[in-house]
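Tertiary structure, described
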Amino acid sequence: MRSPSSQSRDTVGTTLINHWQRGVPVSHERVFTPTLIFFAVLAIIGLTLSFIRFVSPLGPFSGMNDAYAWGIWKTFNVMTLTALGSGPLALGIAAWVFNRQKLHVVMRAALVSGFLFYSTGLIALGFDVGRPWNFYSAIMPWRWNYESAMLEISICMPLYCALFLSFEILPLILERFYYTGNDRTKAMLVRVSPYLRRMYPFMIIGAYVIPLMHQSSLGGLLLLAGTKINPLWQSPCMPLLYLLAAGLCGIGFVTFLLLITCLRYSRALDVGVLIELSNLLSCACLLFLAVRFVDLAWRHQLQTAFSFNKMSFLFFLETSLIAIPAIVLRFKSARETPRTLLKMATLACLGGTLYRFIPTTIAFDPARKASYFPSLPEVLISLGYISLGIVGFGLAVKFFAVLPGDNHDWNHVFRPIGHIALPLKWLRRPSRTSVKEIPAKSKGETPSLVSR
Amino acid sequence: MSVALNRRQLLRGFAGVGGALAAVSTSAAASEEHPAHPVAPADAIAMLFDNTICTGCRACMPACNEANGLPADSLMSGGIWDMPSDLNSKTKNIIKVYEEPNEPGYAFVKRQCMHCLDPACVSGCPFDALKKNEWGAVTWTGSLCIGCRYCEVACPFDVPKFEWDHWNPKVVKCEFCFDQRLTKGQEPACTAVCPTGAVIFGKRNDLLAKAKNRIDEAPGKYFEQRVYGEHEAGGTQVLYLSNVSFEKIGLPKLASTSLAHYATKVTSVMYKWLTGPILMAGVFGFAIRHNWNRHEAERPDREKKTGFPDQL
């Protein structure tokens, strides 16, 4: 019944069991699992190297050169991975603008993952630019070059992450303080809450308009590269296609993330929400493909696509990765099978990220003979930022009510923040935190703190 | 109270959209900021390089280094003399040679910034570190540059170079000796020192006429009977005459449309007075307000049914 691959259909009636009703923290798992420690080590290596990079020139550190001036920190961590972090944009628009109310329950997972993708991307950007100390110009509008896509990105991305995304994840942080805090905290939060609710609809307008701008500007960046980019990708439609790719990657990644985390933490799945997500995913893929092919036909590049060289192979790889989920998820049986949905969401994410990555590096042919391959520190730093995001998500699901679950699974007791220091427990006397604080609500599950 | 506030703000939003739309429609008739084929202003300066005159003496290279305070790039020569392999962070100007395989003869080419009429690097530079100055010289201001290297991605001529080996990296490119010589009433170091007149300095219109005159006087001498830079990437302020194909001497084949026009023709309309974003915010705001109010109205019921406070 609780296994994620088991059927979630109501055995009596025809209605689906609605398992995802609210955010519920993962309280029956250890905080520091070997996997999390592995990623934490990767993140520490990456961050250490980043700080070495800060005092060292870019040249010896990375594989970048004057012909390939942008390495994977920009092209992969920022231009590609923020597409996966566009879940709050795509699902937020679906939920709040198009009133798909089922999606409200997965917004928290989308928001936290999106915030982590954006913030790690921005850290990557901060270490990638050569003269970051001049970035204070960002708060001086008279220095702005309003027609530069780069300006749009360098201002809107930090603004979106620091203001709008942070505001959107504020409720889930305050919720924890409300339930764990003393009476004064509670009273204060009760007083603040109506103001937050009043601001909320206005803030989410910004939270949707601003990423629409910068996600399309990421494609707009490449317009200036002109003929350096293969004609299969270089197109005036690139801003729109980058935006649509962000949409499909965002939906695909949230689906993927929910499926694997629910599998990992033994949460029941909610077929109703998953059907909604897969329907959206398939529509986003179809829309992307339609625009892609109309654009190719409009620019008379369809024969280039069928010329069967390296670039046409890449085009087919990317297109089929998006086309397969688009078609398969049209079938009801596929939408209702979590295993198929997981595969299709993975394919869609791969296809969308490939579309975003290829024109920046693989299909980028500079004026002179040169090559680029990321150096080892470059790769380690890039992996370090991704690992930092994974660690962040791993901690967030355990300390905050991020993952969707049943209402009755949770009695609003949060894991004490002191659990973050648990790896050190063999170094000190037994923790004073009461075991009873985390009761075993779910059937058959032993609270891990008791077992240790 | 809150609904009234929302409505007033919404109305203000719509008024903003209307104003912006009106502004766009009135300014549409005004001159385009990035025309597809920009016209050089009358005071635009230029360089004309004629590779049938260049003897490859490379006198312009040390002159350039001296005027710009650049070190000698002596990596290839084992630390003996300036011997750059291409434009790089120590070289703003270079003479390169092209040799025809299996045939006698060779051709020289002088490479430096082309000072486009509508430069892609200037249009992409986020904080105007690169800008088009008086007479059309494209210069770089270090205090504004964040080192994003978008100029390197954008430049179709592969000109801006980044100091990869420096902790405080500069973007190095020919600036037409703007601060060093032009503002003092002198011509650029390279044209001043050229002993044969292979590269000459003057007003762009004059030099273009001169170049066309040279073609007319010696039909068949020059490749394709045309001046490179007249139309390339919307036109450049460095003009080339060559007796071999321009592509062979490393000048890329480019369309006559300015890259800045291509990159901004859609976004400049969408972002004019922030019309697109404001319009989008208006539409979203309308739907969000509707859905939000319903969500809030249903909240007490929902909370009563589940017994838990609503989560955002």
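A quick note: this is a predicted structure, and the numbers were derived from the prediction, not measured.

**A word on the environment of glycine 130 of chain A**
Secondary-structure assignment places glycine 130 of chain A in the loop between helix H6 (107-128) and helix H7 (149-180). Judged by C-beta crowding, with 23 C-beta atoms within 10 Å, glycine 130 of chain A ranks as buried. Apart from residues no more than four positions distant in its own chain, glycine 130 of chain A is found in contact with Leu58 of chain A together with Gly147, Phe162 and Pro169 of chain B.

**Brief notes about unusual backbone geometry**
Glycine aside, residues mostly have negative phi, and peptide bonds are mostly found in the trans state. All names here are of chain B. We note that phenylalanine 176 has phi near 60 degrees; this positive angle belongs to a residue other than glycine. Following the sequence through the fold, phenylalanine 176 ends up in the loop between strand E7 (171-172) and helix H5 (189-193). Positive phi is not limited to glycine here, since tryptophan 273 has a value of about 50 degrees. Its location among the elements puts tryptophan 273 in the loop between helix H8 (267-270) and helix H9 (275-306). Residue classification places tryptophan 273 among the partly exposed positions, given that 15 C-beta atoms sit within 10 Å.

**Examining the environment of proline 25 of chain A**
All names here are of chain A. If you trace the backbone, proline 25 turns up in the loop between strand E1 (22-23) and helix H1 (34-55). When the C-alpha atoms of proline 25 and histidine 412 are compared, they prove to be 8.9 Å apart, with 387 residues separating the residues in sequence. Not counting chain neighbours up to four residues away, the residues in contact with proline 25 comprise Val397, Lys398, Phe399, Phe400, Ala401, Phe414 and Arg415.

**A closer look at helix H5 (residues 87-97) of chain A**
Counting buried positions along H5 of chain A yields 10 of 11 residues, so the element is predominantly enclosed. Of the positions making up H5 of chain A, those classed as buried are Gly87, Pro88, Leu89, Ala90, Leu91, Gly92, Ile93, Ala94, Ala95 and Trp96 of chain A. Buried residues along H5 of chain A sit in contact with H6, H7, helix H8 (183-223), helix H9 (238-264) and helix H10 (271-298) of chain A together with H9 of chain B. Backbone geometry just downstream of H5 of chain A places asparagine 99 of chain A in the positive-phi region, at approximately 55 degrees.

**Regarding the nonpolar core**
If you look at the biggest cluster of nonpolar residues, it comprises 210 residues, and the most contacted ones within it are Leu91, Val106, Ala245, Leu248 and Leu281 of chain A together with Ala154 and Leu239 of chain B. Among the elements that make up this core, the one with the highest residue count is H9 of chain A (17 residues). Shared between two domains, this core takes at least three residues from each, and those domains are domain 1 (2-33 + 267-293) and domain 2 (45-263) of chain B.

**Let's talk about the interface of chain A and chain B**
Contact with chain A, which involves 53 residues of that partner, is made by 51 residues of chain B. Secondary structure elements with two or more residues in the side of chain A that touches chain B: E1, helix H2 (58-61), H5, H7 and H8 of chain A. Per-element accounting of the side of chain A that touches chain B gives the leading share, 11 residues, to H8 of chain A. Tallied by class, the residues present in the side of chain A that touches chain B amount to 31 nonpolar, 14 polar and eight charged.

**Digging into the sheet that holds strand E1 (residues 45-50) of chain B**
Residues and elements named next belong to chain B. The sheet built from three strands is open, its strands ordered E8-E1-E9 with mixed pairing. Each edge of the open sheet carries a strand with a single partner, namely strand E8 (199-203) and strand E9 (238-241). Taken pair by pair, the neighbouring strands of this sheet meet at an average axis angle of 25 degrees, ignoring direction. Here E1 runs beside E9; their pairing, made up of four bridges, is parallel. Across the sheet, methionine 47 pairs through a bridge with valine 238, a residue of E9.

**Quick word on the confidence of the model for chain A**
Note that predicted coordinates carrying low pLDDT should not be read in detail. Residue and element names in this part refer to chain A. Here chain A shows a mean pLDDT of 88. Residues at 70 or above account for 89%. For residues 1-15, every residue scores under 50 in pLDDT, and the model assigns this stretch 23 contacts once sequence neighbours within four places are set aside. Every residue in residues 430-452 is under pLDDT 50, and counting partners more than four places away or in other chains gives 28 contacts.

**Comments concerning the confidence of the model for chain B**
Residue and element names in this part refer to chain B. Confidence in the prediction for chain B averages 88 pLDDT; 90% of positions are at 70 or higher. Within chain B, helix H1 (residues 2-27) has the poorest average pLDDT of any element, 44, and E9 the best, 97. The model gives residues 1-30 a pLDDT under 50, and that stretch makes 22 contacts with residues more than four places away or in other chains. For this predicted complex, the interface confidence reaches an ipTM of 0.86, while the overall pTM sits at 0.88.

**Quick notes on the environment of phenylalanine 178 of chain B**
Residues and elements named next belong to chain B. With respect to the secondary-structure elements, phenylalanine 178 resides in the loop between E7 and H5. Overall, phenylalanine 178 belongs to the buried group, with 20 C-beta atoms counted inside 10 Å. Put simply, phenylalanine 178 and threonine 139 are 39 residues apart on the chain and 7.4 Å apart in space, counted from C-alpha to C-alpha. Other than its neighbours up to four places away in sequence, phenylalanine 178 contacts Asn133, Ala137, Thr139 and Thr183.

**Focus: the packing of H8 of chain A against H9 of chain B**
Running from N to C, H8 of chain A and H9 of chain B cross one another at 140 degrees; their axes reach a closest spacing of 9 Å. Taken together, the axes of H8 of chain A and H9 of chain B lie oblique to each other. As for how H8 of chain A packs across H9 of chain B, the hand of that crossing is right-handed. Residues Pro201, Ile204, Ile205, Tyr208, Val209, Leu212 and Met213 of chain A of H8 of chain A lie in contact with H9 of chain B, whose contacting residues are Pro277, Met280, Ala281, Phe284, Gly285, Ile288, Arg289 and Trp292 of chain B. Looking at the contact of H8 of chain A with H9 of chain B residue by residue, the class counts come to 13 nonpolar, one polar and one charged.

Rules behind the numbers
Residues numbered from 1 in each chain as written. Chains lettered and ligands numbered in written order. Predicted model: local features only at pLDDT ≥ 70, side-chain atom pairs only at ≥ 80, totals over all residues. Helix = DSSP H or I, 4+ residues; strand = E, 2+ residues; numbered from the N terminus. Buried ≥ 20, exposed ≤ 12 C-beta atoms within 10 Å, placed from the backbone. Contact = placed C-beta atoms within 7 Å. Core = buried A, V, L, I, M, F, W, Y, C linked by C-beta atoms within 7 Å. Domains from an automatic or database assignment. Nonpolar A, V, L, I, M, F, W, Y, C, P; charged D, E, K, R; others polar. Pairing = 2+ DSSP bridges. Axes fitted to C-alpha atoms, helices over the stretch in contact; angles between N-to-C directions. pLDDT = per-residue confidence, 0-100. Parallel < 35°, antiparallel > 145°, perpendicular 65-115°, else oblique. Left-handed = near helix turned anticlockwise from the far one by under 90°.

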